[in-house]
Amino acid sequence: MYCSFNRWAGGKTRCLTMSYDDGVTADRRLVEIFNRYGIRGSFHLNGGWLGRDGYIAREAAAGLYAGHEISAHGYTHPLLSRLPESVLAQQMIDDRRSLEALAGYPVRGMSYPYGDYSPRVIELLPALGIEYARTVAAHGGFHIPENLLAWHPTCHHGDARLGDLTKRFVESQPGMLQTLFYVWGHSYEFNNAGNWDLIENFCKSVANDSQTWYATNIEVADYINAQRALRATADGECLFNPSAVSIWVDVHGQAVEVAPGKVVHLATA
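Residues numbered from 1 in each chain as written. Predicted model: local features only at pLDDT ≥ 70, side-chain atom pairs only at ≥ 80, totals over all residues. Heavy atoms only, no water.

Enquirer: Account for the packing of helix H1 (residues 27–37) against helix H7 (residues 196–206), naming residues and giving values.
Expert: At a closest axis distance of 9 Å, the pairing of H1 and H7 adopts a crossing angle of 20°. Relative to H7, H1 is oriented roughly parallel. Pair H1 / H7 crosses with right-handed handedness. Each of Arg29, Leu30, Ile33, Phe34, Arg36 and Tyr37 in H1 lies in contact with H7, whose residues at this interface are Trp196, Ile199, Glu200, Cys203 and Lys204. Here the contact of H1 with H7 is composed, by residue class, of 7 nonpolar, no polar and 4 charged. (Axes fitted to C-alpha atoms, helices over the stretch in contact; angles between N-to-C directions. Helix = DSSP H or I, 4+ residues; strand = E, 2+ residues; numbered from the N terminus. Parallel < 35°, antiparallel > 145°, perpendicular 65-115°, else oblique. Left-handed = near helix turned anticlockwise from the far one by under 90°. Contact = heavy atoms within 4.5 Å. Nonpolar A, V, L, I, M, F, W, Y, C, P; charged D, E, K, R; others polar.)

Right under this line is the structure:
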């Protein structure tokens, strides 16, 4: 008997995660829309810019982003690939330290400022406490990232494909692969374009779906890592979950939970 890794937390078949950069004041309206529809996401902030004109005040960040993820974006939004290693390290450590003082938890993810990164940057990030990093290279699909430190999103919210992708996502049926919809952007873009109805209509169209897991970027990253850590017997009949996260697998169309630290025999699950 074999299983498929096509289930998300709670045995759900789809996952939606959102990703917004810079921490500008328009985040207030965006978070209100997300909260109204039960959408969750990650907000990648520059610790050195909070409190400046047009940016969220430091003392407001924890309350505003409660229920979402506060994530890094470089202390002063630099081009990371152009920095000496010591300066790059200082940028990320300063950003984490600044944001962690507000969030009250370890900041473990980021998005690349300007979408700029390199193999050298990717190599350095784990030692700086970063476990995932989002790029701006949209792939237009729903697949799982090969490398969480070069995590390409599905699309930007202004992508001409958004409507078609949304329809495909909400109508998708369970298959052999997991379905992950990852949308990114900047909240100030809605102010600039005068199209707040775009994100509100999107959230309305994907909300309240019993088969969708609405998650932050770090929750998705943690689930993927825990899923990859599952151990199976050579015949595929038995699974062991060494992680601290429950993982669901699909066995003949049924969702089966493999609880943390537990062994599951698929034939009797």
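Here the narrative resumes, following the displayed structure.
Enquirer: Describe the layout of surface pockets, with residues and values.
Expert: In this structure, the largest pocket spans a volume of roughly 160 Å³. Considering the residues around the largest pocket, the lining is formed by Phe5, His143, Ile144, Leu177, Gln178, Ile224, Gln227 and Arg228. Split by residue class, the lining of the largest pocket holds 4 nonpolar, 3 polar and 1 charged. (1 Å grid on protein atoms, 1.4 Å probe; cavity = no way out; pocket = protein on both sides within 12 Å on 5 of 7 lines; lining within 4 Å. Points joined across faces, edges and corners; volume = space filled by probe spheres on them.)

Enquirer: So what about the pattern of salt bridges? Which residues, and what values?
Expert: For side chains of opposite charge, pairing can occur when their charged atoms come near one another. All told, the structure shown has 12 salt bridges when counted by the stated rule. For Arg36, the salt bridge goes to Glu200, with nearest N and O atoms at 2.2 Å. You can see Arg36 sitting in helix H1 and its partner Glu200 sitting in helix H7, a full 164 residues away along the chain. The exposure class assigned to Glu200 is partly exposed, which follows from its relative accessible area of 22%. For Glu131, the salt bridge goes to Arg108, with nearest N and O atoms at 2.8 Å. Here the residue Glu131 occupies a position in the loop between helix H4 (119–124) and strand S5 (132–134), and Arg108 occupies one in the loop between helix H3 (85–103) and strand S4 (109–111), the gap between them amounting to 23 residues. (Salt bridge = Lys/Arg side-chain N within 4 Å of Asp/Glu carboxyl O. Buried < 20%, exposed > 50% of the residue type's maximum accessible area, 1.4 Å probe, protein only.)

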